[in-house]
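# Per-entry structural report
As a plain string of letters, each chain reads:
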Amino acid sequence: GNSVTQMEGPVTLSEEAFLTINCTYTATGYPSLFWYVQYPGEGLQLLLKATKADDKGSNKGFEATYRKETTSFHLEKGSVQVSDSAVYFCALIYGNNRLAFGKGNQVVVIP
Amino acid sequence: ETGVTQTPRHLVMGMTNKKSLKCEQHLGHNAMYWYKQSAKKPLELMFVYNFKEQTENNSVPSRFSPECPNSSHLFLHLHTLQPEDSALYLCASSLGGDVGVGGYTFGSGTRLTVV
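In this text, all values refer to a predicted model and were calculated from it rather than measured experimentally.

Take the environment of F89(A) next. Note on placement: F89(A) falls in strand 10 (residues 86-94). By relative accessible area, F89(A) is classed as buried at 2%. In this structure the C-alpha to C-alpha distance between F89(A) and T5(A), which are 84 residues apart in sequence, comes to 9.8 Å. Beyond its immediate sequence surroundings of up to four residues, F89(A) is in contact with Q6(A), F34(A), W35(A), Y36(A), Q38(A), L44(A), F101(A), G102(A), K103(A), G104(A), Q37(B) and L43(B).

Written out as structure tokens, the structure reads:
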């Protein structure tokens, strides 16, 4: 089936550290891929996307590259800030325009 | 403000109460969705509406009753809920035929507590 797997557990890191959140997917064909972010007390917001292999999505200093060889779409940021503390969800499109989400990763950035 | 507005933001209700959640969008989207977000569980898609017609119901208990009177409004009517129904309920919308362009737009959610 179509599914997204994110690394287990919260991520805690210091301000200005490098952030990586792993995401791998299982899908038929080459679906569009997304990262959504959920700040405390809010709904999900689209952070970035990539619609085909080798595309790089980027926004607010975050980047993710669509790798069909490894079926991955890892999220990275070179220098995180306290304001980046949030839950991050990887997602893909399947079927009749449905989004399949990963379980999400809580990111806590310590000053 | 994302363009999808949910009210109320917080709701506390007893198990015998009847209440409704409201979602509104004026983005010109023609697909709307209800999601349930519980602590330590993945997002659960509950209902999907395309052009006001329900196209998906993911085995949601009948104590949750959706209504979509037009493409801009979506309701979730609640009655005789259980404490385990306490969660954040998220509404989302999309251009039904081309999610790949902009993905979904989510509201801020309604935090529901059933006592």
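What follows deals with the nonpolar core. Membership of the largest hydrophobic core comes to 27 residues, with the highest contact counts inside it found for W35(A), F73(A), L75(A) and Y88(A). Broken down by element, this core gets its largest block of residues, 4 residues, from strand 10 of chain A. With near-sequence residues (within four places) excluded, L75(A) lies in contact with L19(A), T20(A), I21(A), W35(A), L47(A), L48(A), F62(A), E63(A), A64(A) and Y88(A). Counting residues in each nonpolar core, the second largest holds 22 residues, with F47(B), Y49(B), C68(B) and L76(B) among its members.

For the rest of this paragraph, the subject is the interface of chain B and chain A. Contact residues are listed per partner, giving 25 residues for chain B and 19 residues for chain A. In this structure, the connection of chain B to chain A is made through 1 salt bridge. Across the pair R98(A) and E56(B) runs a salt bridge, and its minimum N-O distance is 2.5 Å. The tally of links between chain B and chain A comes to 7 residue pairs in polar contact (both at pLDDT 80 or more). Only strand 4 (31-37), strand 5 (44-50), strand 6 (53-57), strand 9 (87-94) and helix 1 (99-102) of chain B provide two or more residues apiece to the side of chain B that touches chain A. By residue number, the principal contributor to the side of chain B that touches chain A is helix 1 of chain B, which donates 4 residues.

The next thing to look at is the sheet that holds strand 8 (residues 62-65) of chain A. Residue and element names in this part refer to chain A. Across the sheet, which stays open at both edges, the 4 strands sit in the order 3-9-8-7 with antiparallel pairing between neighbours. Edge positions in the open sheet fall to strand 3 (19-21) and strand 7 (56-59), since each of these has one partner strand only. Between one strand axis and the next, the sheet turns by 15 degrees as a mean value, whatever way the strands run. Bridge count between strand 7 and strand 8: 4 bridges; the pairing is antiparallel. Within the sheet, the bridge partner assigned to G57 lies in strand 8 and is A64.

Calculation criteria
- Residues numbered from 1 in each chain as written.
- Chains lettered and ligands numbered in written order.
- Predicted model: local features only at pLDDT ≥ 70, side-chain atom pairs only at ≥ 80, totals over all residues.
- Heavy atoms only, no water.
- Helix = DSSP H or I, 4+ residues; strand = E, 2+ residues; numbered from the N terminus.
- Buried < 20%, exposed > 50% of the residue type's maximum accessible area, 1.4 Å probe, protein only.
- Contact = heavy atoms within 4.5 Å.
- Core = buried A, V, L, I, M, F, W, Y, C linked by side-chain atoms within 4.5 Å.
- Salt bridge = Lys/Arg side-chain N within 4 Å of Asp/Glu carboxyl O.
- Polar contact = N/O pair within 3.5 Å; in protein donor to acceptor, adjacent residues only side chain to side chain.
- Pairing = 2+ DSSP bridges.
- Axes fitted to C-alpha atoms, helices over the stretch in contact; angles between N-to-C directions.

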